[in-house]
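One letter stands for each residue in the lines below.
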Amino acid sequence: MIRSAVLAITNRSVTRKLVTDTSVGRSVAHRFVAGTELSEAIAVAETLNAEGMKVSLDYLGEHVTVVEEADSARDSYLECIEAIAEHGLDANISVKLTQLGMGLDNDAAAGNLDAIAASAAKHGTTVTVDMEESAHTETTVAMYEAAQKRHGNLGIAIQSYLHRSWSDVERLIPLGGHIRICKGAYVEPVEVAIQSGRDIDASFDALTELLMSTEAVKPAIATHDDDRIVPAIAASAERSAPWEFQMLYGVRRDRQAELVADGHDVRVYLPYGEAWYPYLTRRLAERPANLTFFARALVGK
Ligand code: FDA
């Protein structure tokens, strides 16, 4: 309910303008976003690598309305992959298929994903397909399957709040790659998603166990929740193949460092680009305390 209310406020154009058109708004956004330029993201990624963390670079954007925008997003990703290779970064990329044209022109989106995966393979890195609203789940899974069968260097995010996720994971394990388990960041109806936090957590832990039990895929446990982190470590006890934690840039930085110090692989999801507002609103909706911090900065208190 809190999440819906926060998203209702932040989606209003007046709020959006207040945040995106003020330097204070933009500077607060910097807590969660590396910057608007690729060069800024590369500099932050270098620092994170030096601190022992892997990175997943996310060129922000979603739901493009014309095919040219999707092509331009694809080109930005190709540039990003080249920069990762050029700087010798321990990094991959995360993409949203609606940014590449899914929902507008699915063939174009599949072609864009294909070009990105091919370039990533050429430069020795991987691509994670983010999971968006449930209206896009089936197309996302199907597009991922086709690209993964062709290139073999992809992974996909699965949301523990969706009723369908267990069968999606069973469907995707034979394809290898990596699977990122997250709770899910969108407001979804009861028909498609579990509504109770406790049940979403139970689903998260069960999916984590399922992934840890197979060496066919690399599990990526994406959470800042200690009550999910501890069971994940326990579930990995018998595992010899690699797996990793993933956390968002700017969220629980102390915990990220602690996990690295304890010998765990940690990948930081690092967004950059001009289109940072929708990403920021989801982070605010996850933790209303961030909204207070944000509102205080905006009014200068
Ligand atoms: P939870 O929300 O319960 O938070 C646990 C604790 O973490 C909080 O008590 C707080 O201390 C801290 N915390 C969490 N969020 C915070 C924030 N924004 N600011 C400050 N502190 C915060 N979702 C999706 O639908 N599709 C996707 O593809 C992805 N991809 C993805 C990648 C990665 C690397 C991560 C970490 C997350 C995603 N998500 C996502 C988002 C995910 O679904 C979920 O909304 C958030 O991770 C918040 O859930 P937690 O598991 O962190 O737990």
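Higher on the page you've got the structure.
Along each chain, residues carry numbers from 1 onward, in the same order as the chain's sequence is written. Two thresholds apply to this predicted model, a pLDDT of at least 70 for residue-level local features and 80 or more for giving and counting side-chain atom pairs, whereas whole-chain, interface and lining totals are computed over all residues. Calculation of side-chain values draws on the structure's entire complement of heavy atoms; hydrogens and water are dropped beforehand.

Take the packing of aromatic side chains next. Centres within 6.5 Å are what make two rings of Phe, Tyr or Trp a pair, Trp counting through its six-membered ring; a difference in plane orientation under 30 degrees is then read as stacked, over 60 as edge-to-face, and the rest as tilted. Scanning all chains against the criterion turns up five aromatic pairs. Taken together, Tyr59, Tyr77 and Tyr272 form an aromatic cluster joined through their ring pairs. Directly above the ring of Tyr279 sits Arg283, whose terminal nitrogen or CZ lies 4.6 Å from the centroid. Distance and angle both matter: a charge sits over a ring if NZ of Lys or CZ of Arg is within 6 Å of the ring centre and within 35 degrees of the ring normal.

Bringing the site of the ligand into the picture now. Near is defined per residue: the residue qualifies when any heavy atom it owns lies within 4 Å of the molecule or strand. With respect to spatial proximity, 25 residues lie near the ligand, and among them Gly184, Thr223, His224, Glu286 and Asn290 are the closest. Within the contact set of the ligand, an oxygen atom lies 2.6 Å away from a backbone nitrogen or oxygen of Gly184. N or O atoms closer than or at 3.5 Å make up a polar contact, with two conditions inside protein: a donor-capable atom paired with an acceptor-capable one, and, for residues adjacent in sequence, both atoms drawn from side chains. Within the side chain of Thr223, a nitrogen or oxygen atom sits 2.6 Å from an oxygen atom of the ligand. Under the convention used here, a 1.4 Å probe and the Shrake-Rupley method define accessible areas, while residue burial counts only the protein chains that appear. Relative to its free-state accessible area of 930 Å², the ligand is covered by the protein chains to the extent of 86%. The element best represented in the shell around the ligand is strand β7 (residues 244–248), accounting for three residues. Just so you know the grouping, Ala, Val, Leu, Ile, Met, Phe, Trp, Tyr, Cys and Pro go in nonpolar, Asp, Glu, Lys and Arg go in charged, and all remaining residues, Gly too, go in polar. Each residue belonging to the shell around the ligand can be placed in one class, and the counts come to ten nonpolar, six polar and nine charged. Each helix corresponds to a stretch of at least 4 residues labelled H or I by DSSP, and each strand to a stretch of at least 2 residues labelled E; elements are numbered beginning at the N terminus.

Attention now moves to the nonpolar core. Take the buried Ala, Val, Leu, Ile, Met, Phe, Trp, Tyr and Cys residues and link them wherever side-chain atoms come within 4.5 Å; each set so joined is a nonpolar core. Only protein chains enter the accessibility calculation, which uses a 1.4 Å probe; a residue is then buried when its area is under 20% of its type maximum, exposed when over 50%, and partly exposed in between. Residues Leu57, Ile93, Val95 and Ile179 are the most contacted members of the largest nonpolar core, which totals 62 residues. Excluding residues within four positions of it along the chain, Ile93 makes contact with Ser56, Leu57, Tyr77, Cys80, Ile81, Ile84, Ile116, Thr126, Val127 and Thr128. The next biggest cluster of nonpolar side chains, apart from the first, holds twelve residues, and it includes Ala29, Phe32, Leu280 and Leu284. Two residues form a contact once any of their heavy atoms are found within 4.5 Å.

The next thing to look at is the pattern of salt bridges. We define a salt bridge as a side-chain nitrogen of Lys or Arg found within 4 Å of a carboxyl oxygen belonging to Asp or Glu. Throughout the structure, instances matching the rule amount to 22 salt bridges. Residue Asp114 pairs with Arg150 through a salt bridge whose shortest N-O separation is 2.9 Å. Of this pair, Asp114 sits in helix α6 (residues 106–122) while Arg150 sits in helix α7 (residues 137–151), placing them 36 residues apart in sequence. According to the relative accessible area criterion, Arg150 is exposed, its value standing at 60%. For Arg164, the salt bridge identified is with Glu138, shortest N-O distance 2.7 Å. Taken together, the residues span a long stretch of sequence, with Arg164 in the loop between β4 (154–159) and α8 (165–172) and Glu138 in helix α7 at a distance of 26 residues. By relative accessible area, which is 25% here, Arg164 ends up partly exposed. Beyond isolated ion pairs, a larger network of salt bridges with shared partners links Glu138, Glu145, Arg164, Asp168 and Arg171.

These figures capture arrangement, not role.
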